Amino acid sequence: CGACMALLAAYEKAFVTDSHSTMLGLMADDVIFADPFTDGELHGKVALQKHLSQGGMLKNVTQEIVARAQENDLVFLRWHHHGTNGVTGGQYGFDGASMVRVRDGKIVEHRDFFDPTVLRREIKAAIKASSNGAKL
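Residues numbered from 1 in each chain as written. Predicted model: local features only at pLDDT ≥ 70, side-chain atom pairs only at ≥ 80, totals over all residues. Heavy atoms only, no water.

Trainee: Just checking my understanding: could you explain the pairing of strand 3 (residues 58-71) for this structure?
Mentor: For a regular strand, side-chain orientation follows a simple rule: the groups alternate between the two sheet faces. Relative to strand 4 (residues 74-85), strand 3 runs antiparallel, the two sharing 11 bridges. Among the inter-strand pairings, Arg-68 is bridged to a residue of strand 4, identified as Leu-77. (Pairing = 2+ DSSP bridges. Helix = DSSP H or I, 4+ residues; strand = E, 2+ residues; numbered from the N terminus.)

Trainee: Hey, could you run me through the packing of aromatic side chains in this one?
Mentor: Any two aromatic rings considered together are summarised by their centre-to-centre distance and by the angle between their planes. Counted by the stated rule, this structure contains six aromatic pairs. Where Phe-37 meets Phe-114, the ring centres are 6.3 Å apart and the plane angle is 40°; that geometry is what we call tilted. Within this pair, whereas Phe-37 is found in the loop between strand 1 (27-34) and strand 2 (42-43), its partner Phe-114 is found in strand 6 (residues 106-114), the two being separated by 77 residues in sequence. Among the residues examined, Phe-114 registers a relative accessible area of 13% and is labelled buried. Here the aromatic rings of Trp-79 and Phe-94 are separated by 6.0 Å at their centres, their planes lie at 70°, and the arrangement is edge-to-face. Residue Trp-79 is found in strand 4, and its partner Phe-94 is found in strand 5 (residues 91-103); the two are separated by 15 residues along the sequence. (Phe/Tyr/Trp six-rings, centres within 6.5 Å; stacked < 30°, edge-to-face > 60°. Buried < 20%, exposed > 50% of the residue type's maximum accessible area, 1.4 Å probe, protein only.)

Trainee: Looking at this model, I keep getting lost on the sheet that holds strand 4. Mind explaining?
Mentor: Hydrogen bonds between backbone groups are what pair the strands of a sheet, and the pairing can be parallel or antiparallel. Ordered by their spatial adjacency, six strands build an open sheet running 2-1-6-5-4-3, and the pairing between neighbours is mixed. Looking at which strands have only one partner, the edges of the open sheet turn out to be strand 2 and strand 3. Contacts from helix 3 (residues 45-53) reach strand 1 and strand 2 within the one sheet, and its direction differs from that of strand 1 by about 50°. Sheet contacts for helix 4 (residues 117-131): strand 3, strand 4, strand 5 and strand 6; angle to strand 5, the most-contacted strand, approximately 125°. (Contact = heavy atoms within 4.5 Å. Axes fitted to C-alpha atoms, helices over the stretch in contact; angles between N-to-C directions.)

Trainee: Got a minute to help me understand the nonpolar core in this structure?
Mentor: Soluble, globular proteins show a tendency: their nonpolar side chains are buried together. One finds Tyr-11, Met-27, Leu-48, Phe-94 and Ile-107 to be the most contacted residues of the largest nonpolar core, which totals 26 residues. For this core, the secondary-structure elements that each account for two or more residues are helix 1 (2-16), helix 2 (20-25), strand 1, strand 3, strand 4, strand 5, strand 6 and helix 4. The leading source of residues in this core is helix 1, at five residues. Apart from residues lying up to four places away in sequence, Ile-107 is in contact with Leu-7, Leu-8, Tyr-11, Leu-26, Met-27, Ala-28, Val-31, Val-100, Arg-101 and Val-102. (Core = buried A, V, L, I, M, F, W, Y, C linked by side-chain atoms within 4.5 Å.)

Trainee: Got a minute to help me understand the layout of surface pockets in this structure?
Mentor: Empty pockets left among the atoms are what a rolling probe the size of a water molecule brings to light. In this structure, the largest pocket occupies an estimated 640 Å³ of space. Lining the largest pocket are 30 residues, with Asp-35, His-51, Leu-52, Leu-58 and Leu-119 sitting closest to its centre. Elements with a minimum of two residues in the lining of the largest pocket: helix 2, strand 1, helix 3, strand 3, strand 4, strand 6 and helix 4. The element that contributes the greatest number of residues to the lining of the largest pocket is helix 3, accounting for four residues. Looking at the lining of the largest pocket, its residues break down into 17 nonpolar, 10 polar and three charged. (1 Å grid on protein atoms, 1.4 Å probe; cavity = no way out; pocket = protein on both sides within 12 Å on 5 of 7 lines; lining within 4 Å. Points joined across faces, edges and corners; volume = space filled by probe spheres on them. Nonpolar A, V, L, I, M, F, W, Y, C, P; charged D, E, K, R; others polar.)

Trainee: Help me understand the side chain of Gln-63, please; the structure alone is not making it clear to me.
Mentor: Locating Gln-63 in the fold gives a position in strand 3. In this structure the side chain of Gln-63 is engaged in a polar contact, spanning 2.6 Å, whose partner is the backbone oxygen of Phe-15. Among the polar contacts listed, one links the side chain of Gln-63 to the side chain of His-81, at a separation of 2.7 Å. Every residue in contact with Gln-63, bar those within four places of it in the chain, is listed here: Phe-15, Val-16, Asp-18, Trp-79, His-80 and His-81. (Polar contact = N/O pair within 3.5 Å; in protein donor to acceptor, adjacent residues only side chain to side chain.)

Structure (structure tokens):
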């Protein structure tokens, strides 16, 4: 569907630049979201916005999409996440995948799959640096 393709193109553009506000604008109010840091599923934009706001120490975040596939209302993205630890200044990166579901012109589900080890390490490094005087 042409409208679906336009929605997905806009969503991917927001995803690769990590524009949470744009992504949220393309989602249904009752969107379902999950990633390795959620305790199960999050339901709704308010819960998702709160979850996403916790990553404030991550700067210059981009996701490079390296593969995509579509099956009916599902889109699968394989990507590489790049970023900077805003407290330590260190660069980091990791690979992952997302499953996105489209319905009625909105993103209704987004699930991220990745090993959280790298992000946990960056969070610990930021906490350690902040205890030594760096701004968290």
